[in-house]
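Here are the chains, one letter per residue:
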Amino acid sequence: MVRSEKVVFKSQRFTFGTSLFEIARDLTRHTRAAYDRYPNTPRSVLERKHYLQLAIDDCYYLEEELQFLKEDNEQLNLNRLAAIADLLEKEIGELKKAKNNTRLTGKQTVDARIEKLEAELADLKELTGSH
């Protein structure tokens, strides 16, 4: 989109192209980081939700950049931007849904997991001789 003279003038390509590319790269990185964390521990649930929120924020940043692009170019083909804006809204909805549906997996309750970890900690302290 940024490479087309009909969308972004050559004099503005570096300004808009660089920022759009960096935000899109961050969106991909944050989404991948979110799904690299399997929600089988409370910590991984929090980390997954954190990275999903960062990806949602990246979508909003992309929307802002596209708005700036639209404001700076009166001859811009708005049909292309509208299609991208629709895709971003859909992506935001999917990411929010994924974030809200991220739950701790497994059959143990949080209290049962804490008890198990405390027992393991006690065993380790016993092995090392520290109390």
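Throughout, a residue's number is its position along its own chain's written sequence, starting from 1. The predicted origin of the model limits local features to residues at a pLDDT of at least 70 and limits the giving and counting of side-chain atom pairs to 80 or more, whereas totals for whole chains, interfaces and linings rest on all residues. Excluded from the side-chain calculations are hydrogens and water; all other atoms, namely the structure's heavy atoms, are used.

1. Points about helix 3 (residues 78-100)
Worth spelling out the cut-off: Working definition: helices are DSSP H or I runs of at least four residues, strands are E runs of at least two. Numbering for both runs from the N terminus. Helices are assigned an expected span. That span is 1.5 Å times one less than the residue count. For every residue, the accessible area obtained with a 1.4 Å probe (protein chains only) is divided by the maximum for its type, and the residue is called buried under 20%, exposed over 50%, and partly exposed between those limits.
Taking 1.5 Å of rise per residue, the 23 residues of helix 3 would be expected to cover 33 Å, and the 33 Å separating its terminal C-alpha atoms lies within 8% of that figure. Every buried residue of helix 3 is listed here: Leu81, Leu88, Ile92, Leu95 and Ala98.

2. Concerning the confidence of the model for the protein chain
Test applied: pLDDT is a per-residue confidence score from the predictor, ranging from 0 to 100.
For the protein chain, mean pLDDT is 84; residues scoring 70 or higher make up 85% of the total. Here helix 1 (residues 10-36) stands out as the least confident element of the protein chain, with mean pLDDT 83; helix 2 (residues 42-72) is the most confident, with 91.

3. Looking at the environment of arginine 103
So the rule is basically this: A contact between two residues is defined here by any heavy atoms of the two lying within 4.5 Å. The definition of a polar contact used here is a pair of N or O atoms within 3.5 Å, where within protein one atom must be able to donate a hydrogen and the other to accept one, and adjacent residues in sequence count solely through side-chain atom pairs.
Relative to the helices and strands, arginine 103 is located in the loop between helix 3 and helix 4 (110-128). Overall, arginine 103 belongs to the exposed group, its relative accessible area being 51%. Placed 64 residues apart in sequence, arginine 103 and proline 39 show a C-alpha to C-alpha distance of 6.6 Å. Setting aside residues up to four positions removed in sequence, arginine 103 forms contacts with Pro39 and Val45. At a separation of 2.5 Å, a polar atom in the side chain of arginine 103 contacts the main-chain carbonyl oxygen of asparagine 100.

4. Let's talk about helix 2
With 31 residues, helix 2 should cover 45 Å at 1.5 Å per step; its first-to-last C-alpha distance of 45 Å lies within 8% of that length. Those residues of helix 2 that sit buried are Ser44, Val45, Arg48, Leu52, Ala55, Ile56, Asp58, Cys59, Leu62, Glu65, Leu66 and Leu69.

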